[in-house]
Amino acid sequence: MSYQWNWGIFLSPAASGDSTYLGWMLSGLQTTILLSLSAWVIALALGSLMGVLRTVPGKWLSGLAATYVEIFRNIPLLVQLFIWYFVLPEVLPFGLGDRFKQDLDPVTQQFVSAMVCLGFFTSARVCEQVRSGINALPRGQKNAGLALGFTLPQTYRHVLLPMAFRLVVPPLTSEFLNIFKNSAVCSTIGLLELAAQGRQLVDYTAQPYESFIAVTALYLIINVVVMTLMRHVENKTRVPGYLGGK
Amino acid sequence: MISIDTVSKHYGSFQVLTDCTTQVKKGEVIVVCGPSGSGKSTLIKCVNGLEPFQSGTITVNGVSVGDPKTNLSKLRSHVGMVFQHFELFPHMSITDNLTIAQEKVLGRNKDEARDKGLKLLDRVGLKAHAAKFPGQLSGGQQQRVAIARALAMDPICMLFDEPTSALDPEMINEVLDVMVELAQEGMTMMCVTHEMGFARKVANRVIFMDKGQIVEDDSKDAFFGAPRSERARQFLAKILQH
Amino acid sequence: MYEFDWSSIPGALPFLWEGMKVSLEITLSAVIFGIVWGTALAMMRLSPVKPLSWFAAGYVNLFRAIPLVMVLLWFFLIVPQVLRGAFNLDPNTDVRLTSAMIGFALFESAYYSEIIRAGIQSVPKGQVSAASALGMSYAQAMRLVVLPQAFRNMVPLLLTQAIVLFQDTSLVYVSALADFFGAAYKVGDRDGRLVELLLFAGLVYFLICFAASQLVRRYQKKLNAHVAH
């Protein structure tokens, strides 16, 4: 049994007629990138908010944030995705679910569900990183901020968060990478991102190796680009004379 | 200026402060000393409300610290505090450390805050370091910046929480010199410190604490001349062995 | 308003349990293989022999850069062909479970290897020196002194990774293998009760993973208390 390699397959016209198979790959890549970036914005915003809440005095708010984290950390991403995509539109009150199903085209429905799902899922992880960053700061920093007359929100804004975020750039980098990798899960609801395009190409061309090698290579490239970018961020935000100790 | 009246504090069943009472008048310099764990740092942090306390009252310039209606941020903005570990903000330049609270808390404009900050930085002898970051300065230098940062807020009194105990010995004097100068200018000061030389030079009174209680509260001559309690005598004897 | 109907769940429990067994089987085999192969990779990575260290670094970085879904697709493509070629299997034999197990095991080893490497590096260098000073060889120092300490510190992380792995097994959905999630989906699809079955699956995963992570946390606390004294 010998495999017939055919790298030219990418340049031949795709079954859809309006594009080449290379075009499929690139459109998948584009969806993956768009999806991951928009989910990352949600994850950062929500995760930072929750991370701050986990460190504020008062059991009520920090307990709320802790519950949030436990829920999103202890259910598989795939199950969460299916719940966002299949369950939520059915059970949303006030006809919101029906509007979601009727007013949005299927591709948008898939994209929105995937984006929200990845965003919330990752926010729970971002929350834990932000919390550990804040807790890693010397306790006196908060006191110093308060002693100068800052309110608690001002102390977070000017003293604690700028330093905490610098400390957690490396773990956030790995969460950022994860969001790209996790986005592949969204192929299961039919969203035509990179991995799904790869599978579709296999179905149409019977050239699985070329397709999978190309998809894998594209994920590797994303990985390298993100790491380079984040290393740049890390260098940009480095504090002179600060070695990360206490 | 500062009045502390039968203040008690406990963490769970652990009693940290028991019925502490004392006053600091305007222009007075008070040194608080005592063995570690005696509650002196906790007491000084109660003065600006960084540590809550369960009973008793503390008033600063007539404002009650423990009263839930008190705007603590406002009170703290004119009570300067210097910490054991300096607590400069590592991600800001020295200039920004000196100006951020002036701008965000007191609402001063950028230029005004900058002029004030740099003037005080000059006063503590560090004008040349304005553009550097805290991590690039020695401990002694950082602590002098921290004093300047507190002074930039035009405080009505200053609290020092072991300002020299995290410093290498050769850096202690540069910080103490700044504090002595401040005392001689008439700043109201409450200092938790073991530097007895500093106490002898500028203190009006010395408070000795042990196990959460104020054991002695006396003029410095009386304290150093003939401490009334055995515990204070032992403490002084130990300090002198250094 | 949606009307819930949970009645299809009780009858489906035996089928769901079969699925859960598949999930647990994959998890367990991947944990065991992952720790063994992961330890080997970690030691290679830290070894002074450059080609070994390069191989381990390449392996770990490659697997950590690719989505698990993609890894699984690869294994469902390659493993059946290799197995059939090697053992002359009937082309109709279902090797999806084997493929999944192998895929997960090789994938998770990369993650385990990083945890174990960090654990080994967390043991102070002085410990190796002390062991050498007592006349132990490098291998003996590793086996008798470094690894026991490293593993004690790592156990909570290894267990946490196992919980993550258990959640990840749901991704065998891409091969239509009936693990717990796949079984739940099939029942929901058959009875038109996808909403209930998905929520039920989510709840079951949550209860298992939450309970397990609480146990790990308790263990970690005990460990910390032990070290502190």
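Now for a look at the structure at hand. (Residues numbered from 1 in each chain as written. Chains lettered and ligands numbered in written order. Predicted model: local features only at pLDDT ≥ 70, side-chain atom pairs only at ≥ 80, totals over all residues. Heavy atoms only, no water.)

Overview of the pairing of strand β8 (residues 189-192) of chain B
All names here are of chain B.
Okay, step 1: The alternating pattern of β8 places Met189 and Cys191 on one face and Met190 and Val192 on the opposite face, and all of these are buried.
Okay, step 2: Sheet topology note: the strand β3 (residues 29-33)/β8 ladder contains four bridges and is parallel. Each residue of the ladder has a partner; that of valine 31, found in β8, is cysteine 191.
Okay, step 3: The pairing of strand β7 (residues 157-161) with β8 spans four bridges and is parallel. When the sheet's bridge partners are listed, phenylalanine 160 is paired in β8 with cysteine 191.
Okay, step 4: Chirality of the crossover, the property in question, places the unit of β7, helix α6 (residues 169-184) and β8 among those that are right-handed. (Buried < 20%, exposed > 50% of the residue type's maximum accessible area, 1.4 Å probe, protein only. Helix = DSSP H or I, 4+ residues; strand = E, 2+ residues; numbered from the N terminus. Pairing = 2+ DSSP bridges. Right-handed = clockwise from strand over helix to strand, strands pointing away.)

Notes on a nonpolar patch on the surface
Residues and elements named next belong to chain A.
Okay, step 1: Together, Trp5, Trp7 and Ile213 give the surface a local cluster of nonpolar side chains, amounting to about 320 Å² of exposed area.
Okay, step 2: You can see tryptophan 7 is positioned in the segment before α1 (21-55).
Okay, step 3: Among the residues examined, tryptophan 7 registers a relative accessible area of 45% and is labelled partly exposed. (Patch = residues over 30% accessible without salt bridge, like charges linked within 9 Å, V, L, I, M, F, W, Y side chains within 5 Å. Areas by Shrake-Rupley, 256 points an atom, 1.4 Å probe, with all protein chains shown as cover. Salt bridge = Lys/Arg side-chain N within 4 Å of Asp/Glu carboxyl O.)

Details of the pattern of salt bridges
Pairs can form between side chains of opposite charge once their charged atoms are near each other.
Okay, step 1: One pass over the full model with this rule turns up 23 salt bridges over all chains.
Okay, step 2: With a shortest N-O distance of 2.6 Å, aspartate 154 of chain B and arginine 108 of chain B are connected by a salt bridge. Of the two residues, aspartate 154 of chain B is situated in the loop between α5 (139-151) and β7 and arginine 108 of chain B in the loop between α3 (94-104) and α4 (110-123); the sequence distance between them amounts to 46 residues.
Okay, step 3: Among the ionic pairs, glutamate 114 of chain C bridges to arginine 45 of chain C, the shortest N-O distance being 3.3 Å. Linking glutamate 114 of chain C in helix α4 (residues 96-122) with arginine 45 of chain C in helix α1 (residues 8-46), this pair joins segments that are 69 residues apart in sequence.
Okay, step 4: Several salt bridges converge on common partners, so that one network encompasses Arg54, Glu128 and Arg131 of chain A.

Looking at the interface of chain A and chain B
Okay, step 1: Counting residues at the interface gives 22 residues for chain A and 24 residues for chain B.
Okay, step 2: Ranking the residues of chain A by area buried against chain B places Ala147, Leu148 and Pro240 of chain A at the top, with a combined share of 29%.
Okay, step 3: Counting across the chain A and chain B interface gives four residue pairs in polar contact (both at pLDDT 80 or more).
Okay, step 4: Taken together, the elements giving at least two residues each to the side of chain A that touches chain B come down to α6 (139-147) and α7 (152-167) of chain A.
Okay, step 5: With seven residues, the top contributor of residues to the side of chain A that touches chain B is α6 of chain A.
Okay, step 6: Class assignment of the residues belonging to the side of chain A that touches chain B gives a composition of 12 nonpolar, nine polar and one charged. (Contact = heavy atoms within 4.5 Å. Buried area = accessible area lost by both parts, 1.4 Å probe. Polar contact = N/O pair within 3.5 Å; in protein donor to acceptor, adjacent residues only side chain to side chain. Nonpolar A, V, L, I, M, F, W, Y, C, P; charged D, E, K, R; others polar.)

Section: the sheet that holds strand β9 (residues 205-210) of chain B
Residues and elements named next belong to chain B.
Okay, step 1: The strand order across the open sheet built from six strands is β6-β7-β8-β3-β9-β10, with neighbouring strands paired in mixed fashion. A strand with exactly one partner marks an edge of an open sheet, and here the two such strands are β6 (79-82) and β10 (213-219). Averaged over all pairs of adjacent strands, the angle between strand axes in this sheet comes to 15°, irrespective of strand direction.
Okay, step 2: Packed onto the sheet, α5 meets β6 and β7 and runs at close to 170° relative to β6.
Okay, step 3: Along the sheet face, helix α9 (residues 230-240) touches β3, β9 and β10 and points at about 100° away from the line of β9. (Axes fitted to C-alpha atoms, helices over the stretch in contact; angles between N-to-C directions.)

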